[in-house]
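Here is what each chain is made of, one letter per residue.
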Amino acid sequence: MLVSAAELIGILLLSIQFLNSLDAGKAAKQSTILLLTSLFLIHPSTGTAFFHVIYCERLLCLVFMLYITANCSYRITNQASFFYLTLLWALIGIFIKDIAIVLFVTPAASLWLADWIQNRKATSCTHTLEHWIISLSLVFAASYIVLALIPSSFAGGDAYNDNAPQTLVLDVRCYLFAAIAMIRAWGIAKGRLTFSILDSINLTAVAYAIALGVTYAFDANSYLSLPFQLIATINLGWAWMQLIETNPRIPKQQSLKITAAASASAMIIAVDHRMTSPNFTETINTQKAHQASTQATYEKLDRVSRKLRESKTNINLIISQDSSLSAKRHLNRIPYRSLIEYEPERKQYIIKDGANKGSIHTPQEGDIIANIDKNIDSLSPILKTLQTELIYRHNPSDRSGVIFRVTGIKPSGTVNPPVGDEMPIP
């Protein structure tokens, strides 16, 4: 939780630093910082990515901002230290996520191409940095072939995106970003603006959205779209600086600008709240409910296991292979004799920890079955072959923690009653 908070603060500070580096004569002040912070913090994609600790998008955004700010500093100062720092962040970033290569190669490629079209040289006269970053595509391709393509071809499993929805869901920020990006593109075409690193990350956002849509789905409210939302928020911050913060025709009183920034961000958030589903509030409430279920079920499982242990009963704990918990992630604190995972593809119970580790387990009376952090449906392959007694259920929803005790092996052809009907919810 502390690391997630530090990552979030780091992303916001780096975003402000990036805006300040775009124009030496213009700096982000209180109203811009308020607008940028409010819009990035209060969005469903941020809520999911930062309230759950399993997603890589927040780390991807942090490394991307470190990469972009270092690149900005290099283009301004031409110092070797920023050259190597930019290259380092790019090299780290391309391995965080399968399509992360787009975030790090597209800015360099677009800056190089823009300078070539305009027939002029950038700050790094020979474009050495851009060439090195673009060459990382070869490193990524070779790594993908060796580490993913060849092993998965031999394994013969389904691809992650085999059942991808391939949907496109936009929100109001997408339209605002598109408007700002098109205005800048029009200005560049007319010669009124110069193609800058801001335009390069705008192209990156579009390319990332396309890559995400092709490989899975682009939903502006999903945690998967967090890098796109970050770039969109940066553009809104830039537009605010140009139109309000540094506009000489606007009164200079910071209090008025802060009030205006609060009102503008509140308006965008309110439109988001009405147009998107789930919105930020619903996302946070869902996350809190899931976390409460996980915590309460884990604590109940610990109490049940210790009580059985005190009565000299050996505990065989059975979980689904889908669970994100394991002997290395918290379950080792439960006083079980053996930890067993059910593998649906093999239709076998494999002992993952404790007595007889690595062998196949045959369910027996007294075994404990637990779903702590997934939908109850994940236990369906287990429950359909066993007679069970419900010990605990956190809530009536499908996304609830449950604990069962095995009372026998079910005769073929019989079916368990629905989970909620076995006994009253404790």
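See the structure shown above.
Since we're looking at a predicted model, the values are computed, not measured. (Residues numbered from 1 in each chain as written. Predicted model: local features only at pLDDT ≥ 70, side-chain atom pairs only at ≥ 80, totals over all residues. Heavy atoms only, no water.)

## Comments concerning the nonpolar core
Phase 1: Phe18, Phe64 and Phe104 are the most contacted members of the largest nonpolar core, which has 75 residues in total.
Phase 2: With 12 residues, the top contributor of residues to this core is helix H10 (residues 226-245).
Phase 3: Sequence-distant contacts of Phe104, that is, excluding residues within four places in its chain, are made with Leu60, Val63, Phe64, Tyr67, Trp89, Ala90, Gly93, Ile94 and Ile133.
Phase 4: Listed in part, the 16 residues of the second largest apolar core include Ile319, Ile334, Tyr336 and Leu339. (Core = buried A, V, L, I, M, F, W, Y, C linked by side-chain atoms within 4.5 Å. Buried < 20%, exposed > 50% of the residue type's maximum accessible area, 1.4 Å probe, protein only. Helix = DSSP H or I, 4+ residues; strand = E, 2+ residues; numbered from the N terminus. Contact = heavy atoms within 4.5 Å.)

## Examining the sheet that holds strand E9 (residues 402-409)
Phase 1: Read from one edge to the other, the open sheet built from 7 strands follows the order E6-E5-E4-E3-E7-E9-E8, with strand pairing classed as mixed. Edge positions in the sheet fall to strand E6 (360-361) and strand E8 (386-393), since each of these pairs with one other strand and no more.
Phase 2: Pairing between strand E3 (residues 316-320) and strand E4 (residues 338-343): 5 bridges, direction parallel. Opposite Ile319, over in E4, you have Glu341 as the bridge partner. (Pairing = 2+ DSSP bridges.)

## Section: the pairing of E9
Phase 1: Bridge analysis of strand E7 (residues 368-371) against E9 gives 4 bridges, and the strand direction is antiparallel. Bridged to Asn371 within E9 is Val402.
Phase 2: As judged from the 7 bridges shared by E8 and E9, these two strands associate in the antiparallel manner. Across the sheet, the residue bridging to Glu389 is Arg405, located in E9.

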